[in-house]
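# Fold and geometry: a report
One letter stands for each residue in the lines below.
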Amino acid sequence: MAPKTKRIQFLRTVRQLHRVRSFYAAGVLLWAASAAWTGWQSPGSRQMWVSVLLLAVFTALLATAGLSLRRLAVPPTGWPAHHAASHKAASTRHVQA
């Protein structure tokens, strides 16, 4: 029963990381637009630097979530991969010499 529970927990973790990554991507877009707009309106202002700081924070969070997803992309050993080869005979084509 433990492997099935671990598999469910693994899938929940991956699903949550996908949601968080989407949230961070939206944050990056929002703060990039805000930093560009504020930099255009009043360059060098405190609001511009806060927007740039928040853009850097969301970019770092997005990179961390992406790296975590990449690390989790390979399922732990013992679990079948979705892209596993089919069980059909591989000798359907004949090679002539």
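Details of the structure are given in the entry above.
One structure accompanies this document, and this report is about it.

With that settled, the discussion passes to the nonpolar core. Phe 10, Val 14, Leu 17, Tyr 24, Val 28, Phe 58, Ala 65, Leu 69 and Leu 72 form the largest nonpolar core, which has nine residues in total. Elements with a contribution of two residues or more to this core: helix H1 (2–41) and helix H2 (46–72). Top contributing element to this core by residue count: H1, with five residues. Contact partners of Val 28, with chain neighbours within four places excluded, come to Leu 55, Phe 58, Thr 59 and Leu 62.

Bringing the environment of Arg 19 into the picture now. Here Arg 19 lies in helix H1. Residues Arg 19 and Ala 65, spaced 46 residues apart in sequence, show a C-alpha to C-alpha distance of 9.8 Å.

Mapping Ser 51 onto the fold places it in helix H2. With sequence-adjacent residues up to four places away left out, Ser 51 is seen in contact with Trp 31, Ser 34, Ala 35 and Thr 38.

So, how was this worked out
The residue numbering used here restarts from 1 in each chain and proceeds along that chain's sequence as written. Selection of residues for local features in this predicted model requires a pLDDT of at least 70, selection of side-chain atom pairs for listing and counting requires 80 or more, and totals for whole chains, interfaces and linings are taken over all residues. The basis for every side-chain value is the complete set of non-hydrogen atoms in the structure, without hydrogens or water. Throughout this description, the term nonpolar core refers to a set of buried Ala, Val, Leu, Ile, Met, Phe, Trp, Tyr and Cys residues connected via side-chain atoms within 4.5 Å. Relative accessible area decides the class of each residue, using a 1.4 Å probe on protein chains only: under 20% of the type maximum gives buried, over 50% gives exposed, and in between gives partly exposed. Note on conventions: DSSP H or I runs of at least 4 residues are helices, E runs of at least 2 residues are strands, and numbering of each starts at the N terminus. For this analysis, residues touch if any pair of their heavy atoms sits within 4.5 Å.

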